[in-house]
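Survey of secondary and tertiary structure
So the chains spell out like this:
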There are 2 protein chains.
Amino acid sequence: MNKEIINEKLATRVKNKMLSDDLLFDVAEVFKIFGDSTRIKIIYALKLSELCVSDLAFITNSSDSAISHQLRILKQAKLVKSRKEGKIVYYSLKDEHVIKLFEIGREHVEEL
Amino acid sequence: MNKEIINEKLATRVKNKMLSDDLLFDVAEVFKIFGDSTRIKIIYALKLSELCVSDLAFITNSSDSAISHQLRILKQAKLVKSRKEGKIVYYSLKDEHVIKLFEIGREHVEEL
DNA sequence: TAAATATATGAACAAGTATTCAAATGAAGG
DNA sequence: CCTTCATTTGAATACTTGTTCATATATTTA
């Protein structure tokens with residue numbers, strides 16, 4: 001697969017210090033969730049307030065169905081939680097970590 | 001596209017407070033870059049040391065070509081920088097922000 | 001119970017993307 | 001200059017994923 005190792009000592013040392021593929025895969029998975037416009041919009045809207053599906057659709061200019069699909073993904077990733085009140089399902093962010101991640105990403109973008 | 005607004009006052013207020021689509025798009029774009037196993041591996045390896053393409057390929061168990069393609073994406077996103085020394089091109093992380101983003105993502109995963 | 005409404009779900013389609021393979025640069029050494 | 005080697009590049013392919021549309025589920029109300 002590869003050819004030669006340029007700096008074998010260094011490369012071997014770094015390779016030994018690498019985190020497990022599983023952990024790095026999971027880290028990538030979390031970022032992947034944040035890496036979609038619709039989901040980022042949902043996250044930011046939920047940062048402002050608990051909201052139901054149709055209001056999120058209105059706020060993000062998406063269809064109810066698209067929002068529902070994305071909320072499912074966000075919920076599976078444990079980034080949002082929901083509570084049901086009659087017909088209406090209210091979604092909110094799971095914890096402060098989500099906000100923190102969003103803010104660091106935002107800072108990074110705004111500093112470019 | 002949508003049907004009804006459940007809580008019109010709240011939804012309208014949130015909609016007015018939303019960040020611009022452009023900004024939210026850019027934020028999503030940054031996260032998207034982090035949202036790939038190969039790129040996350042590269043980022044973590046470069047967090048440990050400046051490295052050249054073939055060593056990165058060795059460390060991440062990928063082909064030179066695949067790594068080169070991903071480094072191009074990382075460079076365009078201004079997440080890594082490079083310096084050439086003869087035939088060899090050394091890559092390193094652009095700034096502390098990249099490390100910070102990675103670490104918050106890692107923390108999030110490890111706390112689940 | 002029937003109609004209306006909020007949300008969820010599944011299949012299908014379109015668009016985006018990571019990898020591979022082959023070939024092309026570009027630099028060093030003989 | 002010719003060869004070797006590190007990296008880059010482009011095209012092709014295979015895979016993933018977000019949206020839409022139609023339909024289903026669940027809850028309220030007439």
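Now for a description of the structure that goes with this document. (Residues numbered from 1 in each chain as written. Chains lettered and ligands numbered in written order. Predicted model: local features only at pLDDT ≥ 70, side-chain atom pairs only at ≥ 80, totals over all residues. Heavy atoms only, no water.)

1. Re the packing of helix α2 (residues 21-34) of chain A against helix α2 (residues 21-34) of chain B
The interhelical angle for the contact between α2(A) and α2(B), taken along N-to-C directions, is 160°, at an axis separation of 7 Å. It follows that α2(A) is roughly antiparallel to α2(B) by the angle criterion. By crossing handedness, the relation of α2(A) to α2(B) is classed as left-handed. Contacts between α2(A) and α2(B) involve A:A28, A:F31 and A:F34 from the first element and B:A28, B:F31 and B:F34 from the second. (Axes fitted to C-alpha atoms, helices over the stretch in contact; angles between N-to-C directions. Helix = DSSP H or I, 4+ residues; strand = E, 2+ residues; numbered from the N terminus. Parallel < 35°, antiparallel > 145°, perpendicular 65-115°, else oblique. Left-handed = near helix turned anticlockwise from the far one by under 90°. Contact = heavy atoms within 4.5 Å.)

2. With respect to the interface of chain A and chain B
Chain A puts 63 residues into the contact, and the matching count from chain B is 63 residues. Note on chain A versus chain B: buried area summed over both sides is about 6000 Å², and carbon and sulfur give 72% of it. For the pair chain A and chain B, the number of links is two salt bridges. Close ionic contact of A:K41 with B:D21 constitutes a salt bridge, the shortest N to O distance being 3.5 Å. (Buried area = accessible area lost by both parts, 1.4 Å probe. Salt bridge = Lys/Arg side-chain N within 4 Å of Asp/Glu carboxyl O.)

3. Quick word on the pattern of salt bridges
Under the counting rule described, the total for this entry stands at 14 salt bridges over all chains. Between B:K32 and B:E29 there is a salt bridge, and its shortest N-O distance comes to 3.2 Å. One end of the pair is B:K32 and the other is B:E29, both in helix α2 and three residues apart, which spans about a single turn. The network of salt bridges with shared partners includes A:K47, A:E103, A:R106 and A:E110.

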